[in-house]
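Observations on the three-dimensional arrangement
Listed below, chain by chain, are the residues.
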Amino acid sequence: MPEEPPHLRPTYNEIHELIGAASVRIAAEFKPDMIIAIGGGGFFPARVLRTFLTHPTTKRNIPIQAIGLSLYESLPDTTAEQVGSEVIRTQWLGPESKVLLGRRALIVDEVDDSRKTLHYAVAELQKDVERALEELPEAEREAARTKFAIFVVHNKLKAKDGDLPADIPYYAGAEVEDLWLDYPWETKDIREHDRLAALDREAKQT
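What you are looking at is a predicted structure, and each value in this text was computed from that prediction instead of being measured.

**Points about the side chain of R115**
Within the secondary structure layout, R115 lies in the loop between β5 (104-112) and α3 (116-133). Among the residues examined, R115 registers a relative accessible area of 19% and is labelled buried. For R115, the side chain forms a polar contact with the side chain of D112, separated by 2.7 Å. Residues in contact with R115, not counting those within four places in the same chain, are N155, K160, G162, D163, L164 and Y170.

Okay, here's the thing in structure tokens:
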């Protein structure tokens, strides 16, 4: 059997602090007025970001839209071959795609691993924008074109299977080696998670 990779167990507090630190740069450089959370891992980071970010003009809370994409989960009507190799769309904006027009939308996920999910999300959202722009008079389209950026809590330093447009700003809370990430929202026993995370920190200090 292949050896299981080492685990990284970030805590809620550590993730909160990573997001808070990254939000300063995001607010200064990109100034988003909408957040698009990729479910399920992007929901918690998106909600924390909303605490730190406000609309650049009105200073009010930024709305969160949600899309559901799955790469590693075993879902109904998926095959074993699809898990880990094919991005499955479980939820999308639907008729609400028009709300993207004229926005500065920050796409949020927990981790950039293979990059397949992020590649899919960006490509499909851009298609939605182009379809919505076609319904506008040609003179209005460029001003209404959506600007996207990406935020992930962790970016794994590894070869990627997907690419991202070079003109899309990219932000990561932390760059990490290709470790097995155990997020606190994936565990049922949060005290055990925190205990193991503390032991990991102690081991690094010795």
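**A look at the pairing of strand β6 (residues 147-156)**
In terms of burial, β6 is a largely internal element, nine of the 10 residues being buried. Relative to β6, β5 runs parallel, the two sharing eight bridges. Its bridge partner lying in β6, R104 is registered against K147. As paired elements, β6 and strand β7 (residues 170-176) share six bridges and run parallel to each other.

**Here's the deal with the layout of surface pockets**
For the second largest pocket, the calculated volume is near 210 Å³. As for the second largest pocket, its lining consists of F30, Q126, V129, E130, E142, R145, T146, K147, F148, D167, I168 and P169. Counting only elements with at least two residues in the lining of the second largest pocket, the list comes to α3 and β6. For the lining of the second largest pocket, the element with the most residues is α3, which contributes three residues. Its residues assigned to classes, the lining of the second largest pocket comprises five nonpolar, two polar and five charged.

**A word on the nonpolar core**
I19, I26, L49, L106, V108 and F151 are the most contacted members of the largest nonpolar core, which has 23 residues in total. Mapped onto this core, the elements with two or more residues apiece are α1 (12-29), β2 (34-39), α2 (43-52), β5, β6 and β7. For this core, the element with the highest residue contribution is α1, accounting for four residues. In contact with I26, other than residues within four places in its own chain, are K31, P32, L49, L53, L106, F151 and Y171. I38, L100, A121 and V152 belong to the second-largest nonpolar core, a separate cluster that totals 22 residues.

What counts, and at which threshold
Residues numbered from 1 in each chain as written. Predicted model: local features only at pLDDT ≥ 70, side-chain atom pairs only at ≥ 80, totals over all residues. Heavy atoms only, no water. Helix = DSSP H or I, 4+ residues; strand = E, 2+ residues; numbered from the N terminus. Buried < 20%, exposed > 50% of the residue type's maximum accessible area, 1.4 Å probe, protein only. Polar contact = N/O pair within 3.5 Å; in protein donor to acceptor, adjacent residues only side chain to side chain. Contact = heavy atoms within 4.5 Å. Pairing = 2+ DSSP bridges. 1 Å grid on protein atoms, 1.4 Å probe; cavity = no way out; pocket = protein on both sides within 12 Å on 5 of 7 lines; lining within 4 Å. Points joined across faces, edges and corners; volume = space filled by probe spheres on them. Nonpolar A, V, L, I, M, F, W, Y, C, P; charged D, E, K, R; others polar. Core = buried A, V, L, I, M, F, W, Y, C linked by side-chain atoms within 4.5 Å.

Read these as spatial facts, not as claims about activity.
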